[in-house]
Amino acid sequence: MTFKKSLLMATAALALTAGAAQAKTLVYCSEGSPEGFDPAPYTSGTTFDASSRAIYNRLVQFTPGTTQTEPGLAESWEVSEDGTEYTFHLREGVQFHSTDYFTPTRDFNADDVLFSFERQWQEDHPWHSYSTGITWEYFNSMSMGDLIESIEKVDDYTVKFTLTRPEAPFIANMGMDFASILSAEYAAQLEESGNLDALNQQPIGTGPFQFVAYQQDANIRYAANQDYWEDVPAIDDLIFAITVDPAVRAQRLQAGECQIMPYPNPADLEMLQSDENINVMEQEGLNVGYLAYNTQQEPFDQPEVRKALNMAIDKEAIIEAVFQGSGSIAKNPIPPSMWGYNDDIEDDPYDPEAARQMLEDAGVTDLSMSVWAMPVSRPYNPDARRMAELIQADFAEVGVDVEIVSMEWAEYLAQSTALDRDGAVLLGWTGDNGDPDNFLAVLLGCDAVGNANRAQWCNEDFEALIQEAKTINDQDERAALYEEAQVIFKEEAPWATIAHSVVFMPMLNSVEGYVMDPKGGHSFEDVDIAE
Amino acid sequence: MVRFLFHRLLLILPTFIGITIVAFAFVRVLPGDPVLLIAGERGVTPERYQDLMQQFGYDRPIWVQYFDYLAGIFQGDFGTSISTKRPVIQDFLTLFPATIELSLCAITFAVALGVPMGIIAAVKRGTWFDQTLMGTALVGYSMPIFWLGLLLIILFSGILGWTPVSGRISLMYYFPAVTGFMTIDSLLSGQEGAFTSALSHLILPTITLGTIPLAVVARQTRSAMLEVLGEDYVRTARAKGMPTRRVIGLHALRNALIPVITTIGLQIGVMMAGAILTETIFSWPGVGKWMIDAIGRRDYPVVQAGLLLIALVVMTVNLIVDVLYGLINPRIRHQ
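Residues numbered from 1 in each chain as written. Chains lettered and ligands numbered in written order. Predicted model: local features only at pLDDT ≥ 70, side-chain atom pairs only at ≥ 80, totals over all residues.

1. Some words on the overall build of chain A
Here comes step 1: Helix and strand counts for chain A come out as 18 helices and 19 strands.
Here comes step 2: Against the 2.2 N^0.38 benchmark of 24 Å for 531 residues, chain A shows a C-alpha radius of gyration of 25 Å, consistent with a compact globule.
Here comes step 3: Dimensions of chain A, computed from the C-alpha atoms along their principal axes, are close to 75 × 70 × 40 Å.
Here comes step 4: Within chain A, buried positions represent 50% of all 531 residues.
Here comes step 5: Nonlocal contacts in chain A, meaning residues at least 24 apart in sequence, comprise 70% of its contacts between residues at least 6 apart. (Helix = DSSP H or I, 4+ residues; strand = E, 2+ residues; numbered from the N terminus. Rg over C-alpha atoms; globule rule 2.2 N^0.38 Å. Buried ≥ 20, exposed ≤ 12 C-beta atoms within 10 Å, placed from the backbone. Contact = placed C-beta atoms within 7 Å.)

2. Re the overall build of chain B
Here comes step 1: Across its full length, chain B carries 14 helices and zero strands.
Here comes step 2: Helices (α) and strands (β) of chain B occur, in sequence order from the N terminus, as α-α-α-α-α-α-α-α-α-α-α-α-α-α.
Here comes step 3: Dimensions of chain B, computed from C-alpha atoms along their principal axes, come out at roughly 85 × 55 × 40 Å.
Here comes step 4: In chain B, which comprises 335 residues, the share counted as buried stands at 41%.
Here comes step 5: At a minimum sequence separation of 6, the contacts of chain B that also span at least 24 residues come to 73%.

3. Regarding the UniProt feature "domain: ABC transmembrane type-1" (unreviewed entry) in chain B
Here comes step 1: Per the UniProt record, "domain: ABC transmembrane type-1" (unreviewed entry) is found at residues 96-321 of chain B.
Here comes step 2: Counted over residues 96-321 of chain B, helix gives 80% and strand 0%. Its end C-alpha atoms are 21 Å apart. (UniProt positions renumbered as here; feature names shortened; annotations may be inferred.)

4. Observations regarding the interface of chain B and chain A
Here comes step 1: In this complex, chain B contributes 50 residues to the contact, which on the side of chain A involves 55 residues.
Here comes step 2: The dominant element in the side of chain B that touches chain A, judged by the number of residues it contributes, is helix H7 (residues 145-159) of chain B, at five residues.
Here comes step 3: Class assignment for the residues of the side of chain B that touches chain A results in 21 nonpolar, 20 polar and nine charged. (Nonpolar A, V, L, I, M, F, W, Y, C, P; charged D, E, K, R; others polar.)

5. Brief notes about the UniProt feature "domain: Solute-binding protein family" (unreviewed entry) in chain A
Here comes step 1: The UniProt entry lists residues 69-449 of chain A under the feature "domain: Solute-binding protein family" (unreviewed entry), expressed in the numbering used here.
Here comes step 2: Structurally, residues 69-449 of chain A comprises 28% helix and 21% strand, and the distance from its first C-alpha atom to its last is 29 Å.

6. Considering the sheet that holds strand E8 (residues 209-215) of chain A
Adjacent strands of a sheet form backbone hydrogen bonds with each other and so pair up, either parallel or antiparallel.
All names here are of chain A.
Here comes step 1: If you walk across this open sheet you meet the four strands as E1-E10-E9-E8, and the pairing is mixed. Two strands in the sheet have a free side with no partner beyond their single neighbour: strand E1 (25-28) and E8. Strand after strand, the sheet turns through a mean of 20° between neighbouring axes, direction not considered.
Here comes step 2: Both strand E9 (residues 219-224) and strand E10 (residues 237-241) contribute to a ladder of five bridges, which runs antiparallel. (Pairing = 2+ DSSP bridges. Axes fitted to C-alpha atoms, helices over the stretch in contact; angles between N-to-C directions.)

7. Some points on the domain arrangement of chain B
Residue and element names in this part refer to chain B.
Here comes step 1: What the domain assignment reports for chain B is domain 1 (2-74) and domain 2 (90-334).
Here comes step 2: If you average the C-alpha positions of domain 1 and of domain 2, the two centres end up 31 Å apart.
Here comes step 3: Counting residues at the interface gives 17 residues for domain 1 and 15 residues for domain 2.
Here comes step 4: Broken down by secondary-structure element, the contributors of at least two residues to the side of domain 1 that touches domain 2 are helix H1 (2-29) and helix H2 (34-39).
Here comes step 5: Here the side of domain 1 that touches domain 2 is built from residues that sort into twelve nonpolar, three polar and two charged. (Domains from an automatic or database assignment.)

8. Notes on the UniProt feature "transmembrane region" (unreviewed entry) in chain B
Residues and elements named next belong to chain B.
Here comes step 1: According to UniProt, the positions carrying the feature "transmembrane region" (unreviewed entry) are residues 6-27, 92-121, 141-162, 194-217, 256-282 and 302-328.
Here comes step 2: For residues 141-162, the end-to-end C-alpha separation is 25 Å, with 77% helix and 0% strand making up the annotated structure.
Here comes step 3: With 100% helix and 0% strand, residues 194-217 has its two end C-alpha atoms placed 32 Å apart.

9. Side note on the nonpolar core
Here comes step 1: Ranked by size, the top nonpolar core spans 225 residues in total, and within it Tyr28(A), Leu291(A), Ala292(A), Leu426(A), Leu440(A) and Val217(B) carry the most contacts.
Here comes step 2: Sorting elements by how many residues they give to this core places helix H9 (residues 194-229) of chain B first, with 17 residues.
Here comes step 3: Lining this core are residues from two domains, each supplying at least three of them: domain 1 (2-74) and domain 2 (90-334) of chain B.
Here comes step 4: Setting aside residues up to four positions removed in sequence, Tyr28(A) forms contacts with Ile239(A), Phe240(A), Cys258(A), Ile260(A) and Phe524(A). (Core = buried A, V, L, I, M, F, W, Y, C linked by C-beta atoms within 7 Å.)

10. Looking at the sheet that holds strand E4 (residues 74-79) of chain A
All names here are of chain A.
Here comes step 1: If you walk across this open sheet you meet the four strands as E4-E5-E7-E6, and the pairing is antiparallel. Of all the strands in the sheet, just E4 and strand E6 (148-155) have a single pairing partner and so form its edges. Across the sheet, the mean angle from the axis of one strand to that of its neighbour is 20°, orientation sign disregarded.
Here comes step 2: Pairing of E6 with strand E7 (residues 158-163), which is carried by six bridges, proceeds in the antiparallel orientation. Bridging from a neighbouring strand, Ile 148 pairs with Leu 163 of E7.
Here comes step 3: Packed onto the sheet, helix H4 (residues 110-121) meets strand E5 (85-90), E6 and E7 and runs at close to 165° relative to E6.

Right, dumping it as C-alpha cells:
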C-alpha cells in the first residue's frame, strides 16, 4: 500500500468511526500524568483534575466560578457557639459508582466520611500507610492533624468534627481535594482481597464521572455517572489526552484532536485568539507574585525603606515584559477574585524621585542588596530572572545596587526561609481553598516566620486581626477583618506585591457551559458539546 | 564462539555494578531532594522534614541506602516510585514497549534509507547527488530534535493536515494493551482502521527520532564504501568483467557493512537519549518522558532504576552487535 493510500484509509476510518459514535465525547488535552487516583496523598493540580474533581465529591463544595462554599455531600452544617464543633448533616440517597470492579450494596453514609478522614489522621489506621511511602501531605500541611480533636458518627447521616481551637477556614478546608470522600465499603472489599494499592489505581467515588481506564502517560477515560446526585453530565464520555508540550496542545486543539486545553504558551495566544474556531476564556488566577524583603535585616526592618523600594518598581513594565500581557498588577497580597479583597486600597505610585528622597530621609545611602530569582517558571512569575533584572534596573535608578542570586529550586525554597537570609526573595503563592486565611495566615502570620513567611514579618496588629478572623464563622464579618489587615499590610509593606497572573483556557467554539475555576482546577460536569 | 560469548558476558558484570553506582550517585548529586520539592512554596517544618526523610529511608547512611538498593535489584525489586507509589518495574514494563516500538521504527527508517543513500553517494562520489546528500545529512545531524519535531507537526499536521499531531493512536479506538506494541495490539483488537491509525501516528515521531541516526548511517556507509571500493579485490572483480551491480552488492557492501553495523549498534544508545525529547513532543508514553518527569521530581527510585534498566537494554544491544560482528567477521571472535 502506498503512503498516500494508507493515509487516505486512515482518514476514512476515522471519519467512519466518528460518524458511528453517537455518544458525546469531550477530549481534554491535559498537561501531565496524574500521580494516582486517590487525591489525598498528593498536592498537584494535575492529579486533582484527574481524581478529586472528576471522580469524587466532598462534604462542602465551591460554587462553580467562585471561591464561595456551598453544600456538597453534606446538605447542611452547624457550628457550635465556641466555634469548635462542626456537625454535618449528610445527603441521603447518594450512590457510589458501579463499575466492573466494584458494585456498592449501600448508599453513601457517615462511615465513608469517617474512613476518608481517619485514614489520614490516625497513624494506627489500617489505611494510614496502605502503599509504600504514602504520606498525607495536604492534610498535614493544613495542620489538620493538630486541629482535629475527634471525629464522631452521631448517626448514619450525621458526623461531628470537634476541633482543638476555633478555625473558621475549616469549612473551606472541607471543600479541598484531600477532603474527598471515598467508599469505606470499597476499601473493605480491597482489604479482603489484599489488593490495597487498587484504591489509588481503580478509584470509586460519588462524583460526576466514573473511572473507566488509565493508559499510563497516554490517556484517561471516564464515563458520565448516570446516577449522579446532582445534574447528570451532558457529555457521555470524558477523555484526558495527556499532552505535555504546550505548543503541541495548541496544535492538537487546532486540529480538533481535543476540544479544550489548559495552560497555553503565551507565545501561542495570539494564534489561538485569531482562530475563528477557537474561543479563549480568561480569568485572573488565584495567585500572587511578590518580592519579600527580610524584615528582620537592616535596613529592611524599616517600613519606610520597604515602601520606598516598592515605589521604585515599575510594575507596568514588568507585566508587559515578563507576563506578556497575561498578568495584572497586584496591590494586595490576595487576588481580586477572592472574597475579602480590599479594593479601596491604593497602590504605591511608581515614583523613583520620591523613592530616592524617602530613602535619603531614612538615612539609607549606598545600599547594596541581593534579589533572589527563582529558577523555575510559575503562573505567578513566568520568568523570575527577567523580573529580577527589571527590578535591578529600577533600583539602580534610586541608587540601590542589586546583585541577582539564583539557585536550584528545592534549595531556593529551603534557603529562602532562613531568618538570617540576605536580601529580598521573588516568590509567589497559589491558593488552596479560596479562603483569605490561606494567604494571609500561611504567608504572613507570625507562626510561619522561618518557614512560608519569607518576609520574616510578624506584626502584632495584623496578627490579631487574622487570628480573630479564624474564630468567626460569619463571612461578612471575617471579610471586614481581612480588609483591615490588608490596610496594615500596605502600610507596613513587608512585600512588594507584583502581579496576579491571568489564566487562559482555549477551547473549540462547540464547547458550551465551561466555567473557569478561580482556584485553578478543571472540571467538566457542566460542559456540553454543541451538535 | 562460546568462549567469545563467555568473555563478553563476563565483562557485563563489572559494567553493571558500575552503572548501579553511577545511577545511584547521579540523582543524589543533583541539588534538592524529593521532600523539599513536594513541600513547594509552603515549605516544611524541620520536624516534618525529618519524619518524611525517615519514612523514605533517606536519613540512613548513604552506603546503607546503596547496598539496600543493590540487594533489592538482585531480588528483582527495583523500588517504588515516590510520586506514583507504584513499583518502578511495573511502570517500566508498561512504558518500555512504546519506546521500543518507536526506536525500532526509527532505526529501520534510518537503515532502510541511510544504507542505500550512502552506497549511491559513494558510487557517485563528487557528483551533485553526493554533495546534496552529504550536505543534507550534515543538516539532519545538527538539527535539534525538539525543534525538528515541532516543525514537522506544524507543517504536516497543522498546515497540511496529513498526519495526526501526537499520541499513539486515535482516541476513537480503545482496547486493552496485550503486547504493549500499538501496531500489534491494534491488529489483535480487530477494530477496523485501528492499525492504520497506529501507523499514521508513528510517521512523524519516527522521522524525528530517526533523522540523526539516518544522517550518521548514511555518512558512515558512504565512507566505508569509498574505502572498500578502492581495494584491490574490488578492482580485480571489476577487471574480470563482473557487472557493477554485483561488485557493489556482493563484494563491496558485505565488507563495508561491518563498521556500519557498529554504528547502528551505537546509534541505539544515542536513540534512547533522543527518545526523551521525541516522546515529550509527541505525547508518546514511553520511558524517556517518564525519566524526565522523575528527574524533575527527584524521584530517586525511578531515576536510579530507570537509568539502570535502560543501561541494561543498551548493554544487551551492544552484546548482540558484538556477536553479530563476530559472525560477520571471523577475525574478531578469534582475537
